[in-house]
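Commentary on secondary and tertiary structure
As a plain string of letters, each chain reads:
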Amino acid sequence: MRARRPGLRRTPVTLLLAAAVAALALLPLGYIAVSTAGLGWSGIRELVLRPRVGELLWNTARLAGGTVVLCAVLGVGAAWLVERTSVPGRRVWHVLLVAPLAVPAFVNSFAWISLLPGVDTYAGALLVVTLSYFPFVYLPVVAAFRGLDPALEDTARGLGLSSWAVFRRVQLPQLRVALLGGSLLVALHVLAEFGALQMLRYPTFTTAIYDQYRATFNGPGATTLAGVLVLLCLFLLLAELRLRGRRGYARTGAGVARPGRRVRLGALTVPSLLALAALVGLSLAVPLAGLGTWLVRGSSTALDLGALATTTGTTLGLAAAAAVVTTAMALPTGWLAVRSRGRVATLLERSTYLGSSVPAIVIALALVTLAIRATPWLYQTVPVLLAAYAILFLPRAIVTVRAAVEQSPPLYDDVAASLGSSAPDRLRRVTLPLLAPGIGAGAALVFLAVVTELTATLLLAPTGTTTLATAFWSASSALEYGAAAPYAVVMVLLSAPATVLLSRDSSRGLTT
C-alpha cells in the first residue's frame, strides 16, 4: 500500500473547522426538527392537518410542477435549437438566453405587475417564475449536448430514424442527468421564492411563513410550515437521486472529438427564430422595458441619488464581507474533500449542500429564534446576517475552492514541509497563492448572490440597514414604482458581469 504523503494528512484543526462549518450549515434543519418535535404529535396534527396547509401544499406543488415542466420544455428546446441546428446567430441567442439570470425573480415580477396589474394569478405566477428560471435547465442541457457522442446519432440516422426519432431515442436519454439537475434547481428555487410570489399575491409555504412570522414572530405556526417546506425540499433531493439512477452514457474510448451534425431547419428557420425571439422578449425585454419605463416616467417620488448611493454602498459592503467570510469557511471543507478523501470528508461537504437547499426564509427564521433565545445580544446584528448568507451560498464557494485544490499539486506543500516551514507559513506562502483563482471565483459568486438576496436580509438586517433589495422591496410594496426602479436597475447592472462571464464560459465550443 502506498504511504500517505505528509501533505495529505487530515489535521485536527482542519477537520474541526470543517465540522464547525457543517454544523452551522445544518443549524436551521436541527432547529426545525427540535422545534417540531417539541410540539408533540397532537400539536403537529393540529397545525399540519388544516385546510390552510392543504391549500398551501396544492398551490406550491402545482406551481413547482408546472414551472419544472415548462422550464424543461423551454430549456431543452432552446438548447437543441442553439446547439444542434443551423439557426442563424447561435452565439447571440446563447448570450440572450442566459441573460435573464441577471434579473432577479422579484424584479421580474415587479416589471410584469407594474405593466399588467391583472397578472397576479396562478397563470401569472407560473409565467414569471418560468421566465426567471428556465436558464437553469438551458445551461446544463447545452453543456450536455456538447458532450454527446455524434457517432451514436450517425448510427441511428443510418438505421433510418428521423431527426425527431434521433432526438427522442438517442439524445434525450443522454440528457437525463443534466435535465434532472436543472429541474431540481428550478424546483428548489420555486419552493424558496418569496419576493416574486408575494408581489404577485400568490400564496405558497414561503409567503405563508413570512406572514406567520410577521403576525406571531416565532410562533409554532411558522415553525410547522417551515418543517413541511423542508420535507418538500428533502423529497425533491431524494427524488432527483432516484430518477437519475446509476446508468452512464459516457463513451468508453477517447474516440475522435468532433461536433455533431447540425439539423437543417429549412422552412422552420423563421418559426424557430420567432420562438427564440418571443422567449427572449418575454424573459428579458419585458422586465428591462418595465424598469426603463418607470425609471423615466416614474412620478411617485423624485430620485434621491444620495439614498441610492448610500444603499448601494451598504449592499456592496455586506456583499464583500459575506464573500470573505463564506470563502474562508469554504477553505477547510474544500481542502478536506480533495486532500483527505473519505466518508467523513464527503459527509462534511454534503452537509453544506443540504443546508443550502433549505429556503432562505427557514434559515432566517431559525437564526432569529436561536439568536433571541441563546444570544440576545446578537439579534439583528451583522454577524447573524453574514451567517445566513454563508449557509445559503457556501456551495458556490466550496465548488470553486475544491476545483482549485484539485488542480493544485500537493508536492509544493510537501517540499515546504520537508524544508522546515511551519503550517501557517506554508498556508501563507504556498497554499493560498495556488488557490487564489478558485478563492477569487468563489468570492465573486457569493458577492453577486448577496447583492440580490432579499428574504434573509428582510428578516435579519440590523435596524436601519437598507440594501438594494430591501429598498426596492419597500418602495414597490408601497406601489412607488418610480422610486423602486433605480434600485432594481443597479441590481441588474451589478449582476450583469457574472451573467456575461457565465455565458462566455458556457459558449466555448460554439461554432458559427
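Cut-offs applied
- Residues numbered from 1 in each chain as written.
- Predicted model: local features only at pLDDT ≥ 70, side-chain atom pairs only at ≥ 80, totals over all residues.
- Heavy atoms only, no water.
- Phe/Tyr/Trp six-rings, centres within 6.5 Å; stacked < 30°, edge-to-face > 60°.
- Helix = DSSP H or I, 4+ residues; strand = E, 2+ residues; numbered from the N terminus.
- Buried < 20%, exposed > 50% of the residue type's maximum accessible area, 1.4 Å probe, protein only.
- Lys NZ or Arg CZ within 6 Å of the ring centre and 35° of its normal.
- Core = buried A, V, L, I, M, F, W, Y, C linked by side-chain atoms within 4.5 Å.
- Axes fitted to C-alpha atoms, helices over the stretch in contact; angles between N-to-C directions.
- Parallel < 35°, antiparallel > 145°, perpendicular 65-115°, else oblique.
- Contact = heavy atoms within 4.5 Å.
- Nonpolar A, V, L, I, M, F, W, Y, C, P; charged D, E, K, R; others polar.
- Left-handed = near helix turned anticlockwise from the far one by under 90°.

As for the packing of aromatic side chains
What characterises a pair of aromatic rings is the spacing of the ring centres plus the angle enclosed by the ring planes. In total, this model carries six aromatic pairs according to the counting rule given. Seen in terms of ring centroids, F194 and W473 are 5.5 Å apart; in terms of plane orientation they differ by 45°. Their pairing is tilted. Here the residue F194 occupies a position in the loop between α10 (176-192) and α11 (195-199), and W473 occupies one in helix α22 (residues 468-477), the gap between them amounting to 279 residues. Each member of the pair, F194 together with W473, is buried. Taken together, the ring pairs in this structure connect F106, F110 and F472 into an aromatic cluster. One Lys or Arg, R62, reaches over the ring of Y122 and ends 4.1 Å from the middle of that ring.

Considering the nonpolar core
The nonpolar side chains of a soluble globular protein tend to be buried with one another. Ranked by size, the top nonpolar core spans 134 residues in total, and within it L97, Y138, V362, L460 and F472 carry the most contacts. Among the elements that line this core, the one with the most residues is helix α18 (residues 382-406), at 15 residues. Core analysis: the next-biggest nonpolar cluster, separate from the first, contains five residues, A18, L336, A345 and L348 among them.

Some points on the packing of helix α1 (residues 12-38) against helix α17 (residues 360-374)
α17 packs onto α1 with a crossing angle of 75° between their chain directions and a minimal axis gap of 9 Å. As far as their axial angle goes, α17 and α1 are roughly perpendicular. Here L27, P28, Y31 and I32 of α1 lie close against α17, whose contacting residues are V362, I363, L365, A366, L367, T369, L370 and R373. The residue inventory of the contact of α1 with α17, partitioned by class, reads 10 nonpolar, one polar and one charged.

Overview of the packing of helix α3 (residues 51-84) against α10
Angle between the axes and distance between the axes: these two values describe a pair of packed helices. Taken N-terminus to C-terminus, the directions of α3 and α10 make an angle of 140°; their axes are 9 Å apart at the nearest point. Crossing of α3 over α10 shows right-handed handedness. Between α3 and α10, the contacting residues are T60, L63, A64, T67, V68, C71, A72 and V76 on the first element and L179, S183, V186, A187, V190 and L191 on the second.

Regarding helix α5 (residues 105-115)
Where burial is concerned, most of α5 is hidden: 10 out of the 11 residues are buried. Here α5 has its buried residues at A105, F106, V107, N108, S109, F110, A111, W112, I113 and S114.

Functional significance is not addressed by these values, which are geometric in nature.
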